[in-house]
Amino acid sequence: MTKIRFTKMHGCGNDYIYVDTTLYPIAKPSETARKWSDRHQGIGSDGLVLIERSPLPEADYSMRIFNADGSEAMMCGNASRCIGKYLYERGLTGKTEIRLLTLSGIKILQLHVIDSTVRSVTVDMGEPILEDERLFLPGRGLTQGTFVSMGNPHYIIFTEDVNQVEEKGRILEFHPAFPQRCNVEFAHIQSDGTIRVRVWERGSGITQACGTGACATAIAACLTGRANRQSLIEMDGGTLQIEWRESDHHVYMTGPAAFVFDGEIEQ
């Protein structure tokens, strides 16, 4: 058996297991993600994140992310922020601007450092993909939503009852309209303008937060006239600040990242 060192981190409650694969290669990441993510018989998490050296000179590091069911995700905003904190505070880089390679392209992380501690991270999430963003899914009490891709697909429904996610999240993830499955957000505009969101992530189910989901929700709110280009997205695990800039049409996400614990596990 091989002993592997890991770090558990979370961004607004969206928790993942992080492994530096330059030190501890993971031969079967999908299988490992399923096993370790189990909250009763494993470490417990929303998935597994592998931190690697970038194969491209344009990026500093790369990430691969596997959901709790073993499926590989394209991108995760919360995990990206955690990687920025991990790299800086563990002494792997002295940079406060990190270029991170993901399956959705290179993302730029801007670390906000005070007294050698990364207090928050802003991620340039790039431009959203808006093709056929208005989508009606008939049947099973489903209502019209807005489709936004942030490198991974999101379907956002504005409603008074965000707790519908518990009943309808899985139905929508596997809806025939989404052959590659879909992330789902139920969102409500509160009296102070903050957007309350509950999330169903494909491959993981209900999670405390979703960075790309927060971005997609902010864009959907702007597209439908419910908000301007800056939004506060309040999720179960915390609040993210989202800005969809007019100057470059990129989406910028700012939020915290936190260490939970370090551990060692046999594989």
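What you are looking at is a predicted structure, and each value in this text was computed from that prediction instead of being measured.

(A) Region of interest: the overall build of the protein. Within the protein one finds four helices and 18 strands. Its C-alpha atoms give the protein a radius of gyration of 18 Å, within 12% of the compact-globule value 18 Å for 267 residues. With the principal axes as the frame, the protein shows a C-alpha extent of 50 × 40 × 30 Å. Looking at the protein as a whole, 52% of its 267 residues are labelled buried. Residue pairs at least 24 apart in sequence account for 59% of intrachain contacts in the protein once pairs closer than 6 positions are excluded. Roughly 11800 Å² of accessible area belongs to the protein as shown, and the carbon and sulfur atoms make up 46% of that amount. Positive and negative charge centroids in the protein, built from 27 and 34 side chains respectively, lie 4 Å apart.

(B) Quick look at the side chain of Thr 194. Inspection of the secondary structure puts Thr 194 in the loop between strand E12 (183–189) and strand E13 (195–201). Take Thr 194: its relative accessible area is 11%, and that puts it in the buried class. Leaving out residues up to four positions away in the same chain, Thr 194 has contacts with His 188, Ile 189, Leu 232 and Glu 234.

(C) View of the pattern of salt bridges. Counting across every chain of the model gives 15 salt bridges. In this structure, Lys 95 engages Asp 60 in a salt bridge whose closest nitrogen and oxygen atoms are separated by 2.6 Å. Residue Lys 95 is located in the loop between helix H2 (77–89) and strand E6 (97–102), and its partner Asp 60 is located in the loop between strand E3 (47–53) and strand E4 (61–67); the two are separated by 35 residues in the primary sequence. Counted as one network, the salt bridges with shared partners bring together Glu 166, Arg 196, Arg 198, Glu 234 and Asp 236.

(D) Examining the environment of Lys 28 more closely. Looking at where Lys 28 falls in the secondary structure, it is placed in the loop between strand E2 (14–20) and helix H1 (29–37). Overall, Lys 28 belongs to the exposed group, its relative accessible area being 51%.

(E) Structural view of helix H3 (residues 165–173). Here H3 has its buried residues at Val 165, Lys 168, Gly 169, Leu 172 and Glu 173. Take H3 and look down its axis: the buried residues cluster within an arc of 135°, on one side only. Exposed positions of H3 whose direction lies more than 90 degrees from the buried face are Glu 167 and Arg 170.

(F) Fine view of the side chain of Ser 37. Its place among the elements puts Ser 37 in helix H1. Residue classification places Ser 37 among the buried positions, given a relative accessible area of 5%. Look past the residues within four positions of Ser 37 in its chain and what remains in contact with it is Ile 17, Gly 44, Ser 45, Asp 46, Gly 47, Leu 48 and Ala 68.

(G) Spotlight on the packing of aromatic side chains. Summed over all chains, the structure comprises four aromatic pairs. When the ring of Phe 6 is compared with that of Trp 36, the centres are 6.5 Å apart and the planes differ by 45°; the resulting orientation is tilted. Of this pair, Phe 6 sits in strand E1 (residues 3–11) while Trp 36 sits in helix H1, and the two are 30 residues apart along the sequence. As far as the burial class goes, Phe 6 and Trp 36 line up, both buried. Ring geometry for Tyr 155 and Phe 178: centres 5.6 Å apart, planes at 55°, overall tilted. In this pair, Tyr 155 sits in strand E11 (residues 153–158) while Phe 178 sits in the loop between H3 and E12, placing the two residues 23 residues apart along the sequence.

(H) Molecular detail of the pairing of E1. Two elements, E1 and strand E18 (residues 258–266), share eight bridges in a ladder whose sense is antiparallel. Along E18, the bridge assignment pairs Thr 7 with Asp 262. Two elements, E1 and E2, share five bridges in a ladder whose sense is antiparallel. Bridged to His 10 within E2 is Asp 15. Connecting E1 to the next strand, E2, in antiparallel fashion are two residues, including Cys 12 with a positive phi near 55°.

(I) Focus on unusual backbone geometry. Despite not being glycine, Cys 12 shows a phi value in the positive range, around 55°. If you trace the backbone, Cys 12 turns up in the loop between E1 and E2.

What counts, and where the lines are drawn
- Residues numbered from 1 in each chain as written.
- Predicted model: local features only at pLDDT ≥ 70, side-chain atom pairs only at ≥ 80, totals over all residues.
- Heavy atoms only, no water.
- Helix = DSSP H or I, 4+ residues; strand = E, 2+ residues; numbered from the N terminus.
- Rg over C-alpha atoms; globule rule 2.2 N^0.38 Å.
- Buried < 20%, exposed > 50% of the residue type's maximum accessible area, 1.4 Å probe, protein only.
- Contact = heavy atoms within 4.5 Å.
- Areas by Shrake-Rupley, 256 points an atom, 1.4 Å probe, with all protein chains shown as cover.
- Lys, Arg positive; Asp, Glu negative; His and termini not counted.
- Charge placed at Lys NZ, Arg CZ, Asp CG, Glu CD.
- Salt bridge = Lys/Arg side-chain N within 4 Å of Asp/Glu carboxyl O.
- Arc of directions from axis to C-beta.
- Phe/Tyr/Trp six-rings, centres within 6.5 Å; stacked < 30°, edge-to-face > 60°.
- Pairing = 2+ DSSP bridges.

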